[in-house]
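Understanding the architecture of this molecule
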Amino acid sequence: MVPPPVVTGLSPNDGPPGTRITIRGENFGAKATDLVGLTICGYDCLLTAEWKSPSKIVAISGPGKGLGDVIVSTKLGGIGTCNVKFKGYKNENIGPMKDSAVWVEETSFYPWDRHSLSSSSFQQDDPLGLSVEGTERKLSEDDLNEKFPNASGDITSENFSACWFLLENHLATSFNDLQAGLLHLKRKVEGQKEGHLSFLKTNVGAVMDQVDTLILLKERYGTDLDEFGSEPTLKLEKAIKESEREARKLYDDVLTRRDRAEKTRNALNVLSRFKFLFCLPCSIERNIKKGDYDIVINDYMRVKNLFLKRDIPVFKMALNEIERCIVGIKKQLHVKLVKMPIHVDEQKRLIRYLINLDNSFEPAWDAINGHADYLHTRMKQCYEEHKAAIVEDLNKSKNSNLSSKYSKFTALHDTNQCPQNVIYVEEMCDIISELFPDIWKLGQSYFTGELHVKVEPGHKTAFKHTVLNIMEVFCKRLRAAIIPHTLDKNMDRNTYEAWTLPDIDVMAVYLPDCLRYVRLSLANPLHEKWKVEISGSHNGITDLPLNFERAVEDLVQVISESVLRSEAREGPLLENQQAQKEFDKQIEQLLLTFYYVLDSLTSKGSSDDDDDDEIRSPIVSQLIGTPSFVYKSRNHNQKPAWEHRLLMTLANCQYTMNSVLRKTIEAFSKSGYNISPNIIRKSRTDLENLERSILESYLEQKSDPLVGTIEPSMYLGRFDWDTNITPTDLRPYAKECINNLIHVHFEVNSISSKLVDSVLPQVVQTIAEELYRLMSCVQKFSTAGIQQAHIDISALQEFFQGYSTPRAKDHFKEAMELIPPLNQKDLTIVEDILQKCRIKMRLQILCLQKS
Amino acid sequence: MAQCGGVRVHQNQFIMSKKPTVQPALHKVIMVGSGGVGKSALTLQFMYDEFVEDYEPTKADSYRKKILLDGEDVQIDILDTAGQEDYAAIRDHYFRSGEGFLCIFSITEDESFQATQEFREQILRVKNDENIPFLLVGNKCDLEDKRKVSFQEASERARQWGVPYVETSAKTREHVDKVFFDLMREIRARKMEENKANNGRGKDRKKKSIKSFLFCYKH
Ligand SMILES: Nc1nc2c(ncn2[C@@H]2O[C@H](COP(=O)(O)OP(=O)(O)OP(=O)(O)O)[C@@H](O)[C@H]2O)c(=O)[nH]1
Ligand SMILES: [Mg+2]
């Protein structure tokens, strides 16, 4: 037996008449025709029922009011049951202008619909004959439902409950009115009881008319039936169908065209509204070609903000396309980033792009590593190139062994013949000084956060390790090339194959050069760091000028607060001539005071320093290479030796002139006061004078003993220019002279490399002058003497070239002219010995070379 | 129960073979949540094993059927309410009749998750009961790739409210039965508790303990 249908779901569960309801449940029949009945709230709604499935029917509610069942009946299952209730509202006319929460069928199916259009048969007059109350005081239908379950206020309903009706409609009606209403109702009922007959009596004419009309209607219907058959609507139906077909023919075309046009218009609208998005892939490509990555990134960000959250497929597609582009760009940028060689600034820019593009890898770190790798490969490359060159060289030298041995000395300065190792070292140094600063800079900006990247915790040590590693590899490679025996025997010699060295003598000559080169290349990157850490490159200055500077700045602050800035109602102080003058004077005093401080620092007989006298007194025979004050200054509470103090003060002096003074002036002018140029000029002259006098006293201190030793040394061991000792080398006095100058260079340089240029030329000049004087005193030269003099003077002239003033040069030349000229044979001898000297004294020459 | 009188007449008429039974317990469940989160989809999946692809905003739908809850015949009454704001005004009225609530949001839409806060507050206000049976449900969990609300975030909120959190999919039927059955168990437990209280026994027992018991039961 087929079970009866049961309704278990209603959607929606309430609504006015005409509500479209989805009814769900079980056993609604196997096909549409199985459905034989449907009532909603007691009203038959089968006509509107649409069978969808055995568990689903869609129907439209009828005029049933209040809570009621929805009962489905099927052919085989019979009348069903209902678990859920539908609640019909009072018939409320939902016109086209009224908002409705539910879907209301607009086509009318029912006769009661027509009624509701004309007037209302449901909204009957009040049965009590009372006026209908306003809506202000009303019990809700739910409350009534609760109070009178299963009842209804509908007067036509089976379950009509009078209480409900009264509570619903006459809550505010007075008792008297109700009584009157009752009377009215009774009267009406009475009237109806006897009314049937009397009604007919009074209206007999009309009733007869109606009967006649009905008969006539029946006759007409009969004839029509004969004439048109039993299905009078068939023709009509056909005609309607026909006309519908025609209409379709007429309009389908137009309609489809219109649809298409509409679609196209929509699409165009979308396109133009979101042109930015759709054109982005193209514009990205264009901008990339132009290199405008900034614009690309900007656009990308914008698009991401605008469209990422939208779930529209077209946008998604476009976004995907863009995303693909961006991924491509990222890859491209990254490749660019690690492709060497590349400029650091360019790299920084790339890093910024990549970060902005939300990159998954760490561009900064990659860049650093890329650099390091590149450096390593470059070093390796360099090594291999030279290795190959050496092999070639060896082959060659085997063939021409003799010639190369001969050229040992003469070819030393010929770079073509320079040992491959040395060229290799130079090139390695070049590589390091070219590439290493980049790594350093990049690392610095990475760790200081300049690149706006989060620094990974482990990277700091890793970076340190990288840098150290580079240095270590570099050093070891160099060692392998020039001093392989210093390599660690087991490990390093395997990794860094020792080079075949040329003759050790030859090599030794080049070692200082190599050293100088290496030092230079390393100084470069490190210098950079110093610059950051010490303000300015004025090495050799002490705290003094800086302290002064700071003091002045503080002072300016006070001054500007108390003097320069005039408070309200306080006349500008400086308008007063007197005050102006006074102020100027004070500033002058200030600058002067500092000058005095500097001056007093250098004054010789400073009372607190007795030992100084001892040191200053020139000891002729003192070899300046081992200055006595080194020992003395130890037990002198770290007070620097007087010469050093001189140099320091000199440096301070220069710094004050170049920097402090300018800053002071700036500080004043910033707070609105311009120091009069007179004062500045005066202060500057003072400082210049001071500088000069310090320099003089230092020179005196240094060059006096230096120059003083030349003459005694020259004639040491009873030498004279007319004795006939064949020259083999420079005379000791010349060597001593050179060494002394080197010492001065060292001392000055250790305080401040800047001062070297102001001190050394002066010393050289006095030396040259002294030589000239000495030469002019020589009465007689032997041949050997002539040769020796030529050797000495030209060697000094040559070695001191770098620090020779024009006057020094003149003196040298004059000294040379005093010596009798050489004949051709002697000239070669002299040249030979000079050449030997040059080789022997390479180190010394290097020291005095200008870097 | 009186409302069902009409139904029972028919039942007696056509299912005569059965001896007259006691009407099974009725548990009233209300589906709340923003529009489009899948309240109707969950309900229809639970009721009829079907998944509706089209979105048709609900006003208020009623469903009721007999089910077996832990061996006991019960009736579940589901009121599927409107999520659309247009109907917000009529919610109070519905909530009053609810015995338990499934508060649904879609894990693919953060707004719907945020809205659960409001629903929760409204329910507590209307029911005036902190311990009303209540489940926080994250629907559409089959759309993992579109997820906007993390599991942690949602469970954190559930923890704060002291309610269970379950993720469902009306599409794949995942955990659909679970949420309804879990909620009904809570409602049943709640009713038993109240009965005892009304009978004067076990008055001192705290609701809290029942609550925590339910918790263990579910997880
Ligand atoms: N993929 C997926 N889609 C779902 C799921 N649940 C519901 N949907 C879809 O989401 C849309 C809305 O679902 P409904 O159940 O009608 O939403 P609702 O919460 O009832 O909405 P209102 O009635 O307006 O309150 C429909 O298109 C469903 O097909 C789910 O679990 N997974
Ligand atoms: Mg819905």
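Data block above holds the structure.
Parameters and conventions
Residues numbered from 1 in each chain as written. Chains lettered and ligands numbered in written order. Predicted model: local features only at pLDDT ≥ 70, side-chain atom pairs only at ≥ 80, totals over all residues. Heavy atoms only, no water. Helix = DSSP H or I, 4+ residues; strand = E, 2+ residues; numbered from the N terminus. Buried < 20%, exposed > 50% of the residue type's maximum accessible area, 1.4 Å probe, protein only. Contact = heavy atoms within 4.5 Å. Areas by Shrake-Rupley, 256 points an atom, 1.4 Å probe, with all protein chains shown as cover. Buried area = accessible area lost by both parts, 1.4 Å probe. Salt bridge = Lys/Arg side-chain N within 4 Å of Asp/Glu carboxyl O. Near = heavy atom within 4 Å. Polar contact = N/O pair within 3.5 Å; in protein donor to acceptor, adjacent residues only side chain to side chain. Phe/Tyr/Trp six-rings, centres within 6.5 Å; stacked < 30°, edge-to-face > 60°. Lys NZ or Arg CZ within 6 Å of the ring centre and 35° of its normal. Donors = N, O, S within 2.8 Å, 3.2 Å for Na, K, Ca; no water. Pairing = 2+ DSSP bridges. Core = buried A, V, L, I, M, F, W, Y, C linked by side-chain atoms within 4.5 Å.

Moving on to the overall build of chain A. In terms of helices and strands, chain A carries 29 helices and eleven strands. By the burial criterion, 39% of the 851 residues in chain A qualify as buried. A fraction of 72% describes how many contacts in chain A between residues 6 or more apart in sequence connect residues 24 or more apart. Carbon and sulfur atoms provide 55% of the accessible area of chain A, an area that totals close to 50,800 Å².

On to the interface of chain B and chain A, then. Frequently, the measure chosen for interface size is the accessible area removed from exposure when the parts meet. The interface is formed by 23 residues belonging to chain B together with 23 residues belonging to chain A. When chain B packs against chain A, close to 2,000 Å² is buried across both sides, 49% of that on carbon and sulfur atoms. Run the count over chain B and chain A and you get two salt bridges. For Arg-24 of chain A, the salt bridge identified is with Glu-50 of chain B, shortest N-O distance 3.1 Å. Elements with a minimum of two residues in the side of chain B that touches chain A: α1 (5-14), α2 (39-48), β2 (60-69), β3 (72-81) and α3 (91-96) of chain B.

We now examine the site of ligand 1. Residue and element names in this part refer to chain B. Near ligand 1, the surroundings consist of 25 residues, among which Lys-39, Val-52, Glu-53, Tyr-55 and Thr-58 are the closest. A distance of 2.7 Å separates an oxygen atom of ligand 1 from a polar side-chain atom of Ser-40. Taking Thr-58, its side chain carries an N or O atom lying 2.6 Å from an oxygen atom of ligand 1. Protein chains shield 92% of the accessible area of ligand 1, which is 650 Å² for the free molecule.

Looking now at the packing of aromatic side chains. Residue and element names in this part refer to chain B. One pass over the structure, following the stated rule, counts ten aromatic pairs over all chains. Judged by centre distance (6.0 Å) and plane angle (10°), the rings of Phe-105 and Tyr-165 are stacked. Here Tyr-165 lies in strand β6 (residues 165-167) and Phe-105 lies in strand β4 (residues 100-106), a separation of 60 residues in the sequence. There is no split in this pair, since Phe-105 and Tyr-165 are both buried. In textbook terms, an aromatic cluster arises when at least three aromatic residues are bridged by ring pairs, as seen for Phe-105, Phe-113, Phe-151 and Tyr-165. Directly above the ring of Phe-46 sits Lys-65, whose terminal nitrogen or CZ lies 5.5 Å from the centroid.

This part is about the environment of Glu-643 of chain A. Position of Glu-643 of chain A among the secondary structure elements: in helix α22 (residues 642-670). Residue classification places Glu-643 of chain A among the buried positions, given a relative accessible area of 4%.

A few words on the coordination of the magnesium ion (ligand 2). The coordination sphere of the magnesium ion (ligand 2), as far as protein atoms go, consists of Ser-40 of chain B (OG) and Thr-58 of chain B (OG1), spread over 1.9 Å. Here Ser-40 of chain B is found in helix α2, whereas its partner Thr-58 of chain B is found in the loop between α2 and β2, with 18 residues between them in sequence.

Our focus in this paragraph is the pairing of strand β4 (residues 35-40) of chain A. Note on strand geometry: in a regular strand, side chains alternate between the two faces of the sheet. Residues and elements named next belong to chain A. Examined bridge by bridge, β4 and strand β8 (residues 66-74) share five bridges and lie antiparallel to one another. Across the sheet, the residue bridging to Thr-39 is Ile-71, located in β8. Inspection of the sheet shows β4 paired to strand β5 (residues 43-44) by two bridges, in the antiparallel sense. Within β5, the position partnered with Thr-39 by the bridge is Asp-44. The turn joining β4 and β5, which pair antiparallel and follow one another in sequence, is formed by two residues; a positive phi near 55° is taken by Cys-41.

All names here are of chain B. Assignment of secondary structure puts Glu-167 in strand β6. Here Glu-167 falls in the buried class, since its relative accessible area comes to 10%. At 2.5 Å, the side chain of Glu-167 and the side chain of Tyr-165 are in polar contact. Apart from the residues lying within four places of it in its own chain, the contact partners of Glu-167 are Ile-107, Gly-138, Cys-141, Arg-147, Phe-151, Glu-174 and His-175.

All names here are of chain A. Counting 66 residues, the largest nonpolar core has Trp-721, Leu-730, Ile-738, Ile-767, Leu-771 and Phe-800 as the members making the most contacts within it. Looking at this core, the element that brings in the most residues is helix α25 (residues 753-777), giving eleven residues. Among residues more than four places away in sequence, those in contact with Trp-721 are Met-714, Tyr-715, Tyr-733, Met-775, Val-778, Lys-780, Phe-781, Ser-782, Gly-785, Gln-788, Ala-789 and Asp-792. Ranked by size, the runner-up nonpolar core spans 62 residues in total, among them Val-296, Val-344, Ile-351 and Leu-435.

Below, the discussion takes up the side chain of Thr-48 of chain A. Relative to the helices and strands, Thr-48 of chain A resides in the loop between β5 and β6 (50-53). There is a polar contact of 3.0 Å between the side chain of Thr-48 of chain A and the backbone oxygen of Cys-45 of chain A.

A few words now on the environment of Glu-384 of chain A. Mapping Glu-384 of chain A onto the fold places it in helix α12 (residues 363-399). Measuring from C-alpha to C-alpha, the distance between Glu-384 of chain A and Tyr-424 of chain A comes to 10.0 Å, with 40 residues separating the pair along the chain.

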